[in-house]
Amino acid sequence: MIRFIYVFFIFFLISFTSIYGLEEQKILLPSIQKEYKDCSLGYIYVDSNEQGSGGGHTALLIQNDVFHFQRVFEEFFILDKTNINRFLFNYSRIQNRNIHIICLSILKNDELQFLKDKLEYFHKKDNFIVYNFLYYQSLYKSLQAKKFNLPALLYFKFQEEDFIDFLESHQINSNKLYHQYNYNVILYLLELFYHFLPQKEISYNSEYYITINNSNIDFSSLKKEINFYLDEWNKQNQMLLKSISPDKYLSLLESLVYKQILIRLLENQLIAPYFLIEFKNLSIQPLRIKEKKISLNKIKQTYYKNLYLQLNEYNNLLFNAIKEKQPLIRIQFYLKEITLLCNQILLLENHFDIFDPKIGILKTPQLQYHSLKLDKYIKNLLLDLMIPAEMFFQSKINTLKENHQRIFEYNLITKNCVTDLIQLITNYTNNKTLNIIFSNLYNSKNFSHITKGHFIPYFSYISLKKILKEQSISYKEIYYPSFRNELFLKNKLKPLKEISTITSKIYYFNQNDSFFLFFTERHIIIRPIFGFVNLLSSLGKTSYEILRLPYSIYENNISISKEVRGLFFSFTEIFFISIRKGTFLSNKLPEIYRVIFFQNPEPIYVLYK
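The present account deals with the structure reproduced in this document. Just so you know, these numbers come straight off a predicted model, no measurement behind them.

A few words on helix α17 (residues 527-547). The terminal C-alpha atoms of α17 lie 30 Å apart, and with 21 residues this matches the ideal 30 Å at 1.5 Å per residue to within 8%. Taken together, the buried positions of α17 are occupied by Arg527, Pro528, Phe530, Gly531, Asn534, Ser537, Ser538, Thr542 and Glu545.

Structure, rendered in C-alpha cells:
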C-alpha cells in the first residue's frame, strides 16, 4: 500500500508539476530595504499549492538575494533573481505556501561573492535573451498590424501635425528603419522625436505626472545645488548620445522625463511620472485616475501607511543627498524609488484591486503614444521597406531560438527548477565541500537522481538534510509558515469556521483556484473524507462547466481545464497528500488580517549540529 502511494505520488508530480514566473509585485514591503541577517547561504524549499508546483519549488538564497529558475510567459525557463523579502511575501502571503530554508556556513565571504557573481551573470544573460526575443517579436507584430506605439511620448505635450511636418522636412535614413544596430522604425522615430523636441520647445504633459504635496521640505533653498545636478545630467545625456546602444534615444527620452522632477524642485514642487497601466482590448493603456495627487502633510493610518513613511523618508534622503552633493547616480536612484512609491500609493488610494492581473505598474516611463495619423504616415513611409523589415525580424527571432535553445526548453525530470539550479551551483562554486554536497544530490552524468526522486523539490530538500547529517556538516533550518498557518499560530482564526472555504473569514474564491469545499492541510486523520467530498464537489463543478461549454465558448470564458485540475488535487487528498491550500489573491481581505498580510512572515528556527 505504501509503495502504491509513493508510485502514485511520483506519477502525480510528473503529470502536473509546473512552474510559474513571478509577477512584478504592486506592493513594496516595509522591510524591503533592510538587510536579511538570518542566513547568508540557504537552500530553499517552498511547498506546493494549486497555483504552484505539485512537488514544490526550489531556490538558493545568497545574502539578500534569491536565485531560482522560473518559467516565464510559458515560453522561457530562466534564472530569476529577487529580493528575499519579496520572495517571502509572494510565496508565504499571496500564494499561501510554507517555506523551509537550510542555512549553511561553509563558504567564506570571497567564495560566497564568487558564486553570487556567477549566478548574477546567468540571470542577466537570460533576461537579456528574453528581452531581445520579446522585443523583436513585438516589432514583427507591429509591422504586420501596421500599428506603431511610441513609448515615452505621452509624457510630452506636442502637436502630432508638427511632428509629421518635421518628419517630412527631415531626410529619412531608410537603412536605419531596420538596421541591426537600430532595430526598427519605432526606435528611429524616437530618435527623430528627440531631435524634434528642442525645435518646438515642447512642454511636459501634466496629465501623466503625480503631484506630491510636500510642505515639510523646502527644495527651493537648494537652487544652486539642483542646477549643478541639472548640468551633470546634461553631461550624462551627452555621453549617452555617443554610445552605440540601440535604444539610447528611448533612454534619453526617459531621462528627460525623470529630469523634469529636478526642474520642478527649483520651484519646490515635487512630482513623479505616472506608471499605472491596465490591459484593455488586448493592449496596454494608462489606468484612468482623475486626481493624481498625494499628500504627505498627514500620514493616513491605513494598513499601507508604511508606504507613506517610506516616501517621506526618501524625500528627506533626496534633500540631504542634493545638499551634500552626493553622486548623480544616487540622486537618480532616489527619484526612481519616489516614483515607484507614489504610483503604488496612488493605486491604493483610489481603491483599485492590487491583485487584479489586468492592472500593472511600469518599471520606467514608457506609457505609449498612439496616433492613427502617425500610423498612416509611417505606413506610407515604409511601403517599400515593409516586406524586407518583416523578413529581418522573423530571421532574428529564429536565430535567437536556435542560439539560445537552453532557455526555451523545460523538462520535468532532467531540466527543472532543481536540476538546473544544482548544476549551476556545482559548476560555478570554488568551494570543494559545497561541490561535493550538491554533486551527491544531483549528477547529470548518471540517472540516480531519477530513481531517488531528487529532481522533485521536496525529495531534494529532505535528501540534502540527510547528506549533511551523513557528512557531519552543521546547519540551521528556518521555517516560514504560510499566511493561513501564521494566522493559526497567532490564534487569529477560529478552527471550525476555517475548515470550509464557504465559512472561512479570510479565504475568497478567486480565478487562480479550482473549486473546492474543505481545507485538508491541517486535518491529517479525516483528510480522505474531506478529499472525497472535495472530489464530488469538483466533479459537480466540472460537469457544470462542460454543460455550459456551448454558451461560454463564445464568451472566451472556458474554465474546464482549471476544474479538471481541481479533480486531481481532490483525488490526492484521499491518499493523505494535501497539495492545495488556496491562494489569497483577493482585495476583500478584512482590515484586521491585512495588517499581518503586509508584513514579513515571522521565522521559526530549528538548529541542527
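Okay, back to it.
Time to look at the pattern of salt bridges. Taken as a whole, this structure holds 17 salt bridges when the rule is applied. In this structure, Glu50 and Arg565 form a salt bridge, with 3.1 Å as the shortest nitrogen-oxygen distance. Residue Glu50 is located in the loop between β1 (41-46) and β2 (57-62), and its partner Arg565 is located in helix α19 (residues 560-574); the two are separated by 515 residues in the primary sequence. Residue Glu50 is classed as buried on the basis of its relative accessible area of 2%. Classification of Arg565 as buried rests on a relative accessible area of 17%.

With that out of the way, let us pick up the state of the cysteines. Tallied over the entire structure, the rule returns one disulfide. Across a sulfur-sulfur distance of 2.4 Å, Cys39 and Cys103 are joined as a disulfide pair. What sets the handedness of the Cys39 and Cys103 disulfide is the S-S torsion sign, and at about -135 degrees it is left-handed. With Cys39 in the loop between α1 (2-16) and β1 and Cys103 in strand β5 (residues 99-103), the pair connects residues that are 64 residues apart, well separated along the chain. What makes Cys39 buried here is its relative accessible area of 4%. A relative accessible area of 6% places Cys103 in the buried class.

A few words now on the sheet that holds strand β9 (residues 209-213). Taken in spatial order, the three strands of this open sheet run β10-β9-β13, and their pairing is mixed. Only two strands of the sheet have a single neighbouring strand rather than two, namely β10 (270-273) and β13 (293-295). Here the average twist between neighbouring strands, direction ignored, is 25 degrees. Pairing analysis gives three bridges linking β9 to β13, with the strands arranged parallel. Bridged to Thr211 within β13 is Lys293. Together, β9 and β10 form the strand contacts of helix α7 (residues 248-265), whose direction differs from that of β10 by roughly 175 degrees.

Now for the packing of helix α6 (residues 223-241) against helix α9 (residues 328-349). Where α6 contacts α9, the axes come no closer than 10 Å and their chain directions differ by 95 degrees. Relative to α9, α6 is oriented roughly perpendicular. Each of Tyr229, Glu232, Trp233 and Gln236 in α6 lies in contact with α9, whose residues at this interface are Leu328, Ile331, Gln332 and Leu335. Grouping the amino acids of the contact of α6 with α9 by side-chain chemistry returns five nonpolar, two polar and one charged.

Next up on the list: the pairing of β1. β1 sits mainly inside the fold: six of its six residues count as buried. Covered by surrounding structure in β1 are Leu41, Tyr43 and Tyr45 together with Gly42, Ile44 and Val46, the residues of both alternating faces. In this sheet, β2 lies alongside β1 in antiparallel orientation, the contact comprising six bridges. Each residue of the ladder has a partner; that of Tyr45, found in β2, is Thr58. Relative to β5, β1 is paired through five bridges, and the arrangement is antiparallel. Bridge pairing in β5 places Val46 opposite Ile99.

With that settled, the discussion passes to the nonpolar core. Generally speaking, a soluble globular protein has its nonpolar side chains buried in company with each other. Residues Phe156, Leu253, Leu262 and Ile322 are the most contacted members of the largest nonpolar core, which totals 105 residues. Excluding its chain neighbours within four sequence positions, the residues that come into contact with Leu253 are Ala152, Leu153, Phe156, Leu190, Phe193, Tyr194 and Leu197. In terms of nonpolar packing, the next biggest core, distinct from the first, is built from 33 residues, Phe69, Val418, Ile437 and Ile473 among them.

Glancing now at the packing of helix α8 (residues 305-323) against α9. α9 packs onto α8 with a crossing angle of 155 degrees between their chain directions and a minimal axis gap of 9 Å. By the angle class used here, α8 and α9 are roughly antiparallel. In the packing of α8 onto α9, the handedness of the crossing is left-handed. Residues Leu307, Tyr308, Gln310, Leu311, Tyr314, Asn315, Leu317, Leu318, Ala321 and Ile322 of α8 lie in contact with α9, whose contacting residues are Ile331, Phe333, Tyr334, Leu335, Glu337, Ile338, Leu341, Cys342, Gln344, Ile345, Leu348 and Glu349.

With that settled, consider the side chain of Asn431. Along the polypeptide, Asn431 turns up in the loop between α12 (419-428) and α13 (432-441). Polar contacts involving the side chain of Asn431 include one to the side chain of Glu111, which spans 3.0 Å. Only 2.9 Å separates the side chain of Asn431 from the backbone nitrogen of Leu434, close enough to count as a polar contact. In contact with Asn431, not counting residues within four places along its chain, are Ile106, Leu107 and Glu111.

Before going further, it helps to examine the side chain of Lys248. Tracing the sequence through the fold places Lys248 in helix α7. It turns out Lys248 is buried and unbridged, and the closest side chain with the opposite charge, Glu191, is 7.0 Å from it. Within the local environment of Lys248, its side chain forms a polar contact with the backbone oxygen of Leu241, the two atoms lying 2.8 Å apart. Apart from the residues lying within four places of it in its own chain, the contact partners of Lys248 are Leu240, Leu241 and Ser243.

In this section: unusual backbone geometry. Not every positive phi belongs to a glycine, and Lys325 is a case in point at roughly 55 degrees. Checked against the element boundaries, Lys325 lands in the loop between α8 and α9. By relative accessible area, Lys325 is classed as partly exposed at 47%. One non-glycine residue, Asn491, adopts positive backbone phi at about 60 degrees. Relative to the assigned elements, Asn491 resides in the loop between α16 (483-489) and α17. By relative accessible area, which is 67% here, Asn491 ends up exposed.

Before going further, it helps to spend a moment on helix α15 (residues 457-470). Between the first and last C-alpha of α15 there are 20 Å, a value that for 14 residues agrees with the 20 Å anticipated at 1.5 Å per step. Those residues of α15 not exposed but buried are Pro457, Phe459, Ser460, Tyr461, Ser463, Leu464, Lys465, Ile467 and Leu468. In the stretch just after α15, Ser472 is the one whose phi turns positive, near 55 degrees.

Here is what the cut-offs are and how they apply
Within each chain, residue numbers correspond to sequence positions counted from 1 in written order. The model is predicted, so local features are restricted to residues of pLDDT at least 70 and side-chain atom pairs to those at 80 or more, both for listing and for counting; the totals for chains, interfaces and linings are taken over all residues. Side-chain numbers here rest on the full set of heavy atoms in the structure, without hydrogens or water. The secondary structure listing takes helices from DSSP runs of H or I that are at least 4 residues long and strands from runs of E that are at least 2 residues long, numbered from the N terminus. To estimate how far a helix should extend, the number of its residues minus one is multiplied by 1.5 Å. Partly exposed describes any residue whose relative accessible area lies between the buried limit of under 20% and the exposed limit of over 50%, with all areas from a 1.4 Å probe on protein chains only and scaled to the type maximum. Think of a salt bridge as a Lys or Arg side-chain nitrogen and an Asp or Glu carboxyl oxygen that are within 4 Å of each other. The criterion for a disulfide is a pair of cysteine sulfur atoms lying within 2.5 Å. For two strands to be treated as a pair, DSSP must find no fewer than two bridges joining them. For helices, the axis comes from a line fit to the C-alpha atoms of the stretch in contact; other axes are also lines fit to C-alpha atoms, and the angle between any two N-to-C directions lies between 0 and 180 degrees. A contact between two residues is defined here by any heavy atoms of the two lying within 4.5 Å. Throughout this description, any angle smaller than 35 degrees is read as roughly parallel, any larger than 145 degrees as roughly antiparallel, any in the 65 to 115 degree range as roughly perpendicular, and the remainder as oblique. Lys, Arg, Asp and Glu make up the charged group, whereas Ala, Val, Leu, Ile, Met, Phe, Trp, Tyr, Cys and Pro make up the nonpolar group; the residues left over, Gly among them, are polar. Among buried residues, those of type Ala, Val, Leu, Ile, Met, Phe, Trp, Tyr and Cys that are joined through side-chain atoms within 4.5 Å constitute a nonpolar core. Left-handed describes a crossing whose near helix is turned anticlockwise from the far helix through less than a right angle; right-handed describes the clockwise counterpart. We define a polar contact as two N or O atoms separated by no more than 3.5 Å, with the added condition that, inside protein, one atom must be a possible hydrogen donor and the other a possible acceptor, whereas residues neighbouring each other in sequence contribute only through side-chain atom pairs. Positive charges come from Lys and Arg alone, negative charges from Asp and Glu alone, with His and the N- and C-terminal ends not counted.

Everything listed is a geometric property; what it means functionally is a separate question.
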